[in-house]
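Fold and contact review
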Amino acid sequence: MHHPHDPYVRVRGAREHNLKGVDVDIPRDVLAVFTGVSGSGKSSLAFGTIYAEAQRRYFESVAPYARRLIHQVGAPKVGEITGLPPAVSLQQRRAAPTSRSSVGTVTNLSNSLRMLFSRAGDYPPGAERLDSDSFSPNTAAGACPECHGLGQVHRTTEELLVPDPSLSIREGAIAAWPGAWQGKNLRDILDALGHDVDRAWRELPAEAREWILFTDEQPVVTVHPVRDADRIQRPYQGTYMSARRYVMKTFSDSKSPTLRTKAERFLSSAPCPACGGSRLRPEALAVTFAGRTIAELAALPLTDLMGHLRAVDETTRVLTDDLASRIAPALELGLGYLGLDRSTPTLSAGELQRLRLATQLRSGLFAVVYVLDEPSAGLHPADTEALLTVLERLKAAGNSVFVVEHHLDVVRGADWLVDVGPGAGEHGGEVLHSGPVAELAAVEGSETARFLFGRSPAPVREVRAPSGQLKVGPVTRHNLRGVTAEFPLGVFTAVTGVSGSGKSTLIGEITEESAGVGRLVRVDQRPIGRTPRSNLATYTGLFDVVRKEFAATDQARTRGFGVGRFSFNVAGGRCETCQGEGFVSVELLFLPSTYAPCPDCGGARYNAETLEVMYRGRNIAQVLDLTVESAAEFFADTPAVARSLGTLLDVGLGYVRLGQPATELSGGEAQRIKLASELQRGRRGHTLYLLDEPTTGLHPADVEVLMRRLHGLVDIGHTVIVVEHDMSVVADADWVIDLGPGGGDAGGRVVATGPPTEVARAKGSTTAAYLAAALGARGAPADDRP
């Protein structure tokens, strides 16, 4: 046994994912940063090994019933870990938070605000005191009865359901109806009910149109199908369903995202007339504090909310102080522009993680390990400094702070550096260095060292001349107030500014019509799928080709296996125990549910018979297990697959496994997969690519690869616009549009625009100084650039 006061966390024989039996010692009570190229194994070491083991021990100590779970989920693959304190993980959660979750619920600030209203609110004369639940739209006691606490009501109109009234029903006037047989069935029913399906829609009597679209009746009639020459159809009983009813049903019940999205096109959502979009019942909205309803206070940016709390009398001071002390850390992390009612899905991964971090600062834990996943994601360099202060505070309180990070400023500020590599996937998984940051300089083969200590200056490009202009605005939305901006076409433009300055809002206003380009491709960081069923192979369409190859083998043909047999999404070839997910969900009291490998197929997703079919010596599960890089060799002579894999390699995803569940991909990875599937289409004609922070989650070495690809698109005549915080990327742009100067109400204006060298000298721009430094680092004297 080690000495009980051993100041190190010692990991021995870590084999999680691609780690090659790693041994590493990391001191406790320091800020330790884990670096390495994307896919090198740094997350497998920090989260998959160290955090997972701390969590497993915690489960064992608190909940005997959790032993069964640990048995199912499996311990991390590691020889042993000593000196490990309990851990708190702040990952950029991959899972999709629900629309009911908001800034207020994530930070628990909503609870404090509701308590304040319940105890210290001004009630109308004679009204009863409400408990704090009555101020929550997520409880039966508080939710507006009209919209059930959602704040929106979905409606449909004749214009939406029938976009072209010159068509007849037979010609498809009712666009909202399903296609194929079901649509024909509804048409035949109307015919049997005596409606004229061959007259132009606009010529039908008003009451008939109203009934066809909006009735809640569901009459059953006998339909006599028109005889087809080739087959005789028997009469059948058909049930009518109005267009509105069909759309509402599909929208609320359908399991298929495609059908739901289609249904959504025929719905317009409006703020609920009963609660005005505030989601609360009238009794709760009748109570005020400092002259405002709870909905009005929740809509204010946190900075303003803080001001209101300061301005109240002494009697409620205890309650307002509690709330103020919870808001303070969020302001410190530069999140003062967010309001409590802002819904979580509209936040970036970085914003969400910093909110969780702000909540942790209040909790006053000590002697724990915080494991953070790229907390600088989505941060302007100016905000990164505040982040470092907060990490130092967690450390000063007696904690160990382990951070997976690519941002060189955060890396420079660390006490200890663990560099993993040298490459990605099977070319990584080794610890190249574990020690003080400065000592990395002497390490051969470290990509991180190349960038941390004077990178090779990039060649200075001539600034390209634009082929046209795209005018956007005036935009008034979120914190943009009548903002106009001009985006040059045919060049590479970077949109910069501190978090919350309005960058995403501005580029969100660019539309295909306004751009006047052949095609608009918007690539964001939303997950490519919400379940383990969706993965890189299914998303890019690559898997369709692979399944055809399997179905064409002699083995498959003798057994009568078609392409569907090799899908894990339909009954037939898949393992029925886990229904092709490869995982079963393990529900736990009080804890988030966890996935464990399926006991029957062991995660392979298919049943035994399907796995007997071999293609070049591998079964379908083994093919899904290949990384993009290995698959490129394996399928080198299958052109359709090879092309698709080539674009994935181009955007730096060689290390990802084809079948890796979408739920395990980071936001940056999801974005690069979307980019690759766009690139593989090889568009003719002018395309405008809009990317939101494409470098998130990328090591500087991977940023180089990705930028080469994006600049390549511009060189062949396309337009690329990126929202970006990485100054090395901005320095290399042709044009910069800088928003700010601050976030929230302090932002929302165009502060500077022009080539990088000009913006670097702009007065009143928070970005300028950082951009000037980046231009300097490239060995280009700022004034000699074209």
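The coordinates are above.
One structure accompanies this document, and this report is about it. (Residues numbered from 1 in each chain as written. Predicted model: local features only at pLDDT ≥ 70, side-chain atom pairs only at ≥ 80, totals over all residues. Heavy atoms only, no water.)

**Quick word on the overall build of the protein**
The condition is simple: Strands here mean DSSP runs of E at least two residues long; helices mean DSSP runs of H or I at least four residues long; both are numbered from the N terminus. For the radius of gyration, the atoms used are the C-alpha atoms, and the globule rule reads 2.2 Å times the number of residues raised to 0.38. Partly exposed describes any residue whose relative accessible area lies between the buried limit of under 20% and the exposed limit of over 50%, with all areas from a 1.4 Å probe on protein chains only and scaled to the type maximum. Here, residues are in contact when the closest pair of their heavy atoms is within 4.5 Å. All accessibility values rest on the Shrake-Rupley procedure with a 1.4 Å probe; residue burial counts only the protein chains present in the view. Under the counting rule used here, the positive set is Lys and Arg, the negative set is Asp and Glu, and His together with the chain ends is not counted. Lys charges are placed at NZ, Arg charges at CZ, Asp charges at CG and Glu charges at CD.
Helix and strand counts for the protein come out as 31 helices and 25 strands. Scaling as 2.2 N^0.38, a compact globule of 786 residues should have a C-alpha radius of gyration of about 28 Å, and the protein matches this with 29 Å. Across its three principal axes, the protein shows a C-alpha extent of roughly 85 × 80 × 70 Å. Residues counted as buried form 52% of the 786 residues belonging to the protein. Considering only residue pairs separated by 6 or more positions, the protein has 66% of its internal contacts joining residues 24 or more positions apart. Looking at the protein as shown, the accessible area adds up to about 34,700 Å², and 52% of this sits on carbon and sulfur atoms. Positive and negative side-chain charges in the protein, numbering 83 and 91 respectively, have mean positions lying 3 Å apart.

**Regarding the nonpolar core**
Note the threshold: Residues enter a nonpolar core if they are buried and are Ala, Val, Leu, Ile, Met, Phe, Trp, Tyr or Cys, with the set joined through side-chain atoms within 4.5 Å.
In terms of nonpolar packing, the biggest core is built from 76 residues, with Phe492, Phe635, Leu645, Leu658 and Leu675 touching the most fellow members. Broken down by element, this core gets its largest block of residues, 7 residues, from helix H28 (residues 700–715). In this structure Phe635 touches Val546, Tyr615, Arg616, Val623, Val641, Ala642 and Leu645, once residues within four positions along its chain are discounted. Within the second largest apolar cluster, 59 residues are counted, among which are Val33, Leu280, Leu300 and Leu335.

**Brief notes about the packing of helix H12 (residues 302–310) against helix H13 (residues 317–332)**
The following threshold applies: Structural elements are reduced to axes, namely lines fitted to C-alpha atoms, with helices fitted over the stretch in contact, and the angle between N-to-C directions of any two is expressed from 0 to 180 degrees. Each angle gets one of four labels, with under 35 degrees taken as roughly parallel, over 145 as roughly antiparallel, 65 to 115 as roughly perpendicular, and the rest as oblique. For a crossing to be left-handed, the near helix must be turned anticlockwise from the far one by less than a right angle; the clockwise case is right-handed. Each residue receives one of three labels: charged for Asp, Glu, Lys and Arg, nonpolar for Ala, Val, Leu, Ile, Met, Phe, Trp, Tyr, Cys and Pro, and polar for the others, Gly being one of them.
Taken N-terminus to C-terminus, the directions of H12 and H13 make an angle of 155 degrees; their axes are 10 Å apart at the nearest point. One finds that H12 runs roughly antiparallel with respect to H13. The element H12 and its partner H13 pack so that their crossing is left-handed. Here H12 contributes Leu302, Thr303, Leu305, Met306, Leu309 and Arg310 to the contact with H13, which in turn contributes Arg317, Thr320, Leu323, Ala324, Ile327, Ala328, Ala330 and Leu331. For the contact of H12 with H13, the class distribution of residues is 10 nonpolar, 2 polar and 2 charged.

**Comments concerning unusual backbone geometry**
In this chain, Gly473 is followed by Pro474 through a cis amide linkage whose omega measures 0 degrees. Tracing the sequence through the fold places Pro474 in strand S16 (residues 468–477). A cis amide bond, omega 0 degrees, links Gly740 with the succeeding residue Pro741. Tracing the backbone shows Pro741 in the loop between strand S24 (735–740) and strand S25 (749–754). Within the chain, Asp29 stands out as a residue other than glycine whose phi angle is a positive 60 degrees.

**Quick word on the packing of aromatic side chains**
Two measures describe an aromatic ring pair: the distance that separates the ring centres and the angle between the ring planes. In plain terms, the rule: The pairing test for Phe, Tyr and Trp rings, Trp by its six-membered ring, is centres within 6.5 Å, and the orientation test on the planes gives stacked under 30 degrees, edge-to-face over 60, and tilted for anything in between. We call a charge positioned over a ring when the NZ of a Lys or the CZ of an Arg lies within 6 Å of the ring centre and within 35 degrees of the ring normal.
This model, assessed by the stated rule, comprises 15 aromatic pairs. Arranged with centres 6.5 Å apart and planes meeting at 70 degrees, the rings of Phe47 and Tyr51 form a pair that is edge-to-face. You can see Phe47 and its partner Tyr51 sitting in helix H1 (residues 42–62), 4 residues apart, about one turn around the helix. Summarising the burial analysis for this pair, Phe47 and Tyr51 share the class buried. The interplanar angle of 75 degrees and the centroid separation of 6.4 Å between the aromatic rings of Phe561 and Phe566 together place this pair among those described as edge-to-face. For Phe561, a relative accessible area of 12% translates into the label buried. Here Phe566 falls in the buried class, since its relative accessible area comes to 0%. Put simply, the rings of Phe550, Phe561, Phe566, Tyr615, Phe634 and Phe635 pair up and form one aromatic cluster. Of note, Arg565 hangs over the ring of Phe561, and the distance from its end group to the ring centre comes to 4.0 Å. Here Arg605 stacks its cationic end above the ring of Phe568, 4.1 Å away from the centre of that ring.

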